[in-house]
Amino acid sequence: MSTEIAHLRRRLVEFTIQCTTHLELPPIVKYSALSLFFDRFRPSVVSRFLQKKKKAEHWLLQPLTESNLQLFVLVSIWISCKMHCSRGLSVQSLKSLGDKMITEQLFTVRDFMEAELVFLKVMKFEIGTLNMAYTLLDDLFIHFKEVAKVGELLNFEACMDMMDLLYEKEETSVLYHSSTSLAASILVSSYIITVPKQQCEFPILPWVKMVTNKEEREVVELVGYILSHVLYSHPS
């Protein structure tokens, strides 16, 4: 991956996080939007219109500028909100956010409506987000607190910070293709980082193996990979 494309990806991840934070949306919406855009929409667009040199069917896809990609990020948030929030975002509020956050181009309400249809067509209207790493991790965390007193010391915010960082690079985001392994490994990683060493007595690896059916060796290797990325790529 070229440096320019890598930097664009990081900016788009940061844009997604900033927008969901600004809108005060629950984490499930953020991770659903990240999944829809980075795991499915963006790869489909690249495959269909860049690698195959096929002419795009809509002006929002050709040229695929950073502003247009930011618009599609907002659409992914919009769709995620419809799935996970009791009260969805209005297109007017989405446009207002776009006016503030997208600096290179001004999009109309009609552009947002068209972008949603383009997004859904690229996704072939398959927008389910079952078995996301975040939902599996949340379930694991709740279960962990039920069986271990030390679960109260595990920092779930640290788990989410790791998930955000792993989306920044293409090579680390592929971990999201194995949701259960990733969820288990992030829980263990957060346990290692945030629980005081003198209280790390709970047999977390055997427990994770029991509840996820993932081999300890696989989890340990993935934990090492995650921690090396988080601690060395983003030192505090």
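Just above sits the structure.
Keep in mind that this is a model prediction, so the values were computed, not measured.

1. Observations regarding unusual backbone geometry
One non-glycine residue, glutamate 24, lies in positive phi territory at about 55 degrees. Along the chain, the position of glutamate 24 falls in the loop between helix 1 (3-22) and helix 2 (27-51). Look at asparagine 213: it is not a glycine, yet its phi comes out positive at around 65 degrees. Its place among the elements puts asparagine 213 in the loop between helix 10 (204-212) and helix 11 (216-233). Among the residues examined, asparagine 213 registers a relative accessible area of 67% and is labelled exposed.

2. Structural notes on helix 7 (residues 156-167)
Along its twelve residues, helix 7 runs 17 Å from first to last C-alpha, staying within 8% of the 16 Å computed at 1.5 Å per residue. Where burial is concerned, most of helix 7 is hidden: ten out of the twelve residues are buried. Along helix 7, the residues classified as buried are Phe156, Ala158, Cys159, Met160, Met162, Met163, Asp164, Leu165, Leu166 and Tyr167. Measuring from the side-chain oxygen of the N-cap residue of helix 7 to the backbone nitrogen of glutamate 157 gives 2.8 Å; that N-cap residue is asparagine 155.

3. A word on the environment of valine 174
As for its position among the elements, valine 174 is in the loop between helix 8 (170-173) and helix 9 (179-194). Residue valine 174 is classed as partly exposed on the basis of its relative accessible area of 41%. When the C-alpha positions of valine 174 and glutamate 152 are compared, they lie 30 Å apart, and in sequence the two are 22 residues distant.

4. Let's talk about the packing of helix 1 against helix 3 (residues 66-84)
The interhelical angle for the contact between helix 1 and helix 3, taken along N-to-C directions, is 40 degrees, at an axis separation of 10 Å. Overall, the two elements helix 1 and helix 3 adopt an arrangement that is oblique. Handedness of the crossing formed by helix 1 with helix 3: right-handed. Residue-level inspection shows Leu8, Arg11, Leu12, Phe15, Thr16, Cys19 and Thr20 of helix 1 in contact with helix 3, the latter providing Glu66, Leu69, Gln70, Val73, Leu74 and Ile77. Considered class by class, the residues forming the contact of helix 1 with helix 3 number eight nonpolar, three polar and two charged.

5. Some words on the packing of helix 7 against helix 9
It is the contact of helix 7 with helix 9, at a shortest axis distance of 9 Å, that shows an interaxial angle of 125 degrees. By the angle between their axes, helix 7 is oblique relative to helix 9. Seen from above, helix 7 lies across helix 9 with right-handed handedness. Judged by residue contacts, Ala158, Cys159, Met162, Met163 and Leu166 of helix 7 engage Leu182, Ile186, Ser189, Ser190, Ile193 and Thr194 from helix 9. When its residues are assigned to classes, the contact of helix 7 with helix 9 shows eight nonpolar, three polar and no charged.

6. Quick notes on helix 5 (residues 109-122)
With 14 residues, helix 5 extends 20 Å between its outermost C-alpha atoms, agreeing within 8% with the 20 Å of an ideal straight helix rising 1.5 Å per residue. Inspection of helix 5 places Asp111, Phe112, Ala115, Glu116, Val118, Phe119, Leu120 and Val122 among the buried residues, and these make up the whole buried set. Where helix 5 terminates, the next one or two residues include lysine 124, which has phi positive at roughly 55 degrees.

Reading the values: rules and limits
- Think of each chain on its own: its residues are numbered from 1, step by step along the sequence as written.
- With the structure being a predicted model, the display of local features is reserved for residues of pLDDT at least 70 and the display and counting of side-chain atom pairs for 80 or more, all residues being used for whole-chain, interface and lining totals.
- Excluded from the side-chain calculations are hydrogens and water; all other atoms, namely the structure's heavy atoms, are used.
- Each helix is a run of DSSP H or I of at least 4 residues and each strand a run of E of at least 2, with the numbering of both proceeding from the N terminus.
- A 1.4 Å probe rolled over the protein chains alone gives each residue an accessible area, and that area as a share of the maximum for its type sets the label: buried under 20%, exposed over 50%, partly exposed in between.
- The span expected for a helix works out to 1.5 Å for each residue beyond the first.
- Definition of a polar contact: a pair of N or O atoms within 3.5 Å, with one able to donate and the other able to accept a hydrogen when the atoms are protein atoms, and with sequence-neighbouring residues admitted only if both atoms are side-chain atoms.
- Geometry is summarised by axes, namely lines fitted to C-alpha atoms with helices restricted to the contacting stretch, and by angles between N-to-C directions that run from 0 to 180 degrees.
- Just so you know how the angles are binned, under 35 degrees is roughly parallel, over 145 roughly antiparallel, 65 to 115 roughly perpendicular, and the rest oblique.
- Crossings are sorted by hand: turned counterclockwise from the far helix by less than a right angle, the near helix makes the crossing left-handed, and turned clockwise it makes it right-handed.
- Here, residues are in contact when the closest pair of their heavy atoms is within 4.5 Å.
- Three classes are used, and their members are as follows: Ala, Val, Leu, Ile, Met, Phe, Trp, Tyr, Cys and Pro are nonpolar, Asp, Glu, Lys and Arg are charged, and the others, Gly among them, are polar.

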